[in-house]
Amino acid sequence: MEPVYDHLVTTLTDKFEVDAKEVHPDRTLGDLDLDSLAVVELFVTLQEHWGIPLDEDGATAELTLEQLTQTVTAQLSADGTAERGGAPR
């Protein structure tokens, strides 16, 4: 789960300009001031990076970073990417 969480933190701080001090696993995307459009953009960014499909219907500001990390990790496992060490495509 760590590589996924680390990439999520990097994406939030670099692309979405979230203050790194505000990023914690129990914070929601809404807590980090991501509106609904930004949340969908984050999902698309993660899909492109990891080469996996993510259900954008689940892209809500109420998701915690831990929940989002678990979602991506589960999809990587289902996709077989975890067998490659979680490396992006």
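In case you missed it, the structure is sitting above this.
Here the structure is a predicted model, which means the values were calculated and not measured.

Engineer: Any chance you could explain the overall build of the protein here in plain terms?
Structural biologist: If you tally the helices and strands in the protein, you get three helices and zero strands. Going from the N terminus to the C terminus, the protein shows its helices and strands as α-α-α. For the protein, with 89 residues in total, the buried portion stands at 38%. Here the analysis covers contacts within the protein between residues at least 6 apart in sequence; of these, 58% occur between residues at least 24 apart. Looking at the protein as shown, the accessible area adds up to about 5000 Å², and 49% of this sits on carbon and sulfur atoms.

Engineer: For this particular structure, what's the right way to read helix α3 (residues 65–79)?
Structural biologist: Count 3.6 residues to each turn of an α-helix, and residues three or four apart come out pointing the same way. The first and last C-alpha atoms of α3 sit 21 Å apart over 15 residues, in line with the 21 Å expected at 1.5 Å per residue. Among the residues making up α3, those that are buried are Leu65, Leu68, Thr69, Val72 and Leu76. Taken down its axis, α3 places every buried residue within 100° of arc, on the same side. Residues of α3 that are buried make contact with α1 (2–14) and α2 (36–50).

Engineer: When you look at the environment of Gln67 in this model, what are you seeing that I'm missing?
Structural biologist: Its place among the elements puts Gln67 in helix α3. Owing to a relative accessible area of 38%, Gln67 belongs among the partly exposed residues under this scheme. The spatial distance from the C-alpha of Gln67 to the C-alpha of Arg27 is 9.8 Å, given a sequence separation of 40 residues.

Criteria and thresholds
- Residues numbered from 1 in each chain as written.
- Predicted model: local features only at pLDDT ≥ 70, side-chain atom pairs only at ≥ 80, totals over all residues.
- Heavy atoms only, no water.
- Helix = DSSP H or I, 4+ residues; strand = E, 2+ residues; numbered from the N terminus.
- Buried < 20%, exposed > 50% of the residue type's maximum accessible area, 1.4 Å probe, protein only.
- Contact = heavy atoms within 4.5 Å.
- Areas by Shrake-Rupley, 256 points an atom, 1.4 Å probe, with all protein chains shown as cover.
- Expected span 1.5 Å × (residues − 1).
- Arc of directions from axis to C-beta.

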